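# Tertiary structure, described
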Amino acid sequence: MKNSRSLLLIPALALLALGSCSKPEKNTLRLQVDNIDRSCPVDLGSTGVMESARYDEKANRVVLTYVVNEDEVEIAGLSKVTAEQKTFLSSFLRSDSASTFLNSLVDADASLAYTFRGATSRDSIVISLDASELKEISTMAEDEDNARAQLESIVAITNRQCPSTIDDGLTLTSVAIEGEYITFYYSYDTSIITIPRDVIPELTEATKTALREELSDPSGRTQLALMKECGIGARYIYNPTTEEETPVIVIISPDEIAKF
């Protein structure tokens, strides 16, 4: 199963690292970037590594380069979510944890680029924010609920890539934040998959274990923190392809997520 969500949180991890490594009022943007580059490669969990951080002074651009695990991430899929990715970055850059890095970029009139390269194929894609976009982001008022705005952007990124085949007979059709839950809608082919009602408690525990492992991975920790801050749980709705069967619903409450 390709993990389309977690790769798109990698920029957040990089910005957290850059924002905390040095004080922009005492150091230049180049010193900031050189500092994080010295710590590379940075393990980002199942999705891959951050390979390098460079400040191209001639182009006045910060370039963060990642090598990604193509067993988990489809490089080509990133081209479908550029707008959603920029929306997420806009919210994230205005958060307390990243605003100093944003200010440093704006002060230098610099741009920001992310290069994602497949570890096997060597195919790559670049997502960029130019200096004018960064300035516009810096002048926006911070959302009253910035954490939820970030979480909504993450969910939009995943939803944009639906429908997505998860396994033989199982498709993720859509994802949305509904009330206090991120709801994942699946369609399952009843000729291939059978879900007896008496195994739902076991399915719930297995789902909880898998989600805990995913959100504990370095690439999932940003989403976990946002879910905890917003009081958000997870809900999985499995819709059968035949009318004879009823949907199967698995719920992991906000209180359970808070204990992850």
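Everything that follows concerns the structure shown earlier in this document.
This text gives an overview of the structure that appears in the document. Given the structure is predicted, the values throughout are model-derived calculations rather than measurements.

Rules behind the numbers
Residues numbered from 1 in each chain as written. Predicted model: local features only at pLDDT ≥ 70, side-chain atom pairs only at ≥ 80, totals over all residues. Heavy atoms only, no water. Axes fitted to C-alpha atoms, helices over the stretch in contact; angles between N-to-C directions. Helix = DSSP H or I, 4+ residues; strand = E, 2+ residues; numbered from the N terminus. Parallel < 35°, antiparallel > 145°, perpendicular 65-115°, else oblique. Left-handed = near helix turned anticlockwise from the far one by under 90°. Contact = heavy atoms within 4.5 Å. Salt bridge = Lys/Arg side-chain N within 4 Å of Asp/Glu carboxyl O. Buried < 20%, exposed > 50% of the residue type's maximum accessible area, 1.4 Å probe, protein only. Pairing = 2+ DSSP bridges.

As a further point, take the packing of helix 7 (residues 146–160) against helix 9 (residues 221–230). At a minimum axis distance of 9 Å, the contact between helix 7 and helix 9 shows a crossing angle of 130 degrees. The angle between helix 7 and helix 9 places the two elements in the oblique class. Every pair of crossing elements has a handedness; the one defined by helix 7 and helix 9 is left-handed. Residues A147, R148, Q150, L151 and I154 of helix 7 pack against Q223, L226, M227, E229 and C230 of helix 9.

It is possible for side chains of opposite charge to pair when their charged atoms get near one another. Going through the model one piece at a time under the given rule, you end up with 12 salt bridges. Between R54 and D37 there is a salt bridge whose closest N-O contact spans 2.4 Å. Taken together, the residues span a long stretch of sequence, with R54 in strand 2 (residues 48–56) and D37 in helix 3 (residues 29–38) at a distance of 17 residues. Note on D37: relative accessible area 21%, which makes it partly exposed.

Among the 8 residues that make up strand 8 (residues 181–188), 6 are buried, leaving the element largely enclosed by the rest of the structure. Of the pairings in the sheet, the one linking strand 7 (residues 170–178) to strand 8 comprises 8 bridges and is antiparallel in character. Looking at strand 8, one finds that T171 is bridged to S187. Taken together, strand 7 and the strand that follows it, strand 8, pair antiparallel across an intervening segment of 2 residues, in which G179 is found at a positive phi of about 65 degrees. When strand 8 meets strand 9 (residues 233–240), the two strands line up parallel, connected through 8 bridges. In the sheet register, S187 faces strand 9, and the bridge partner there is N239.

Note on placement: E84 falls in helix 4 (residues 82–93). Residue class for E84 comes out buried when judged on its relative accessible area of 17%. Among all residues touching E84, those that are not within four sequence positions of it are A156, I157 and R160.

Let's shift gears to the sheet that holds strand 3 (residues 61–68). Ordered by their spatial adjacency, 5 strands build an open sheet running 1-2-3-4-5, and the pairing between neighbours is mixed. At either margin of the open sheet sits one strand with a lone partner, and together these are strand 1 (42–43) and strand 5 (124–129). Bridge count between strand 1 and strand 2: 2 bridges; the pairing is antiparallel. Its bridge partner being in strand 2, V42 is matched across the sheet by M50. Packed on one face of the sheet, helix 4 meets strand 4 (111–118) and strand 5 and runs near 45 degrees to strand 5.

Reading across the sheet, the 5 strands line up as 6-7-8-9-10 and stay open at both edges, with mixed pairing between neighbours. Pairing within the sheet leaves two strands with one partner each, and these edge strands are strand 6 (164–167) and strand 10 (248–252). Pairwise comparison of adjacent strand axes, ignoring direction, gives a mean angle of 30 degrees for this sheet. Lying on the sheet, helix 7 is in contact with strand 7 and strand 8; it crosses strand 7 at an angle near 160 degrees.

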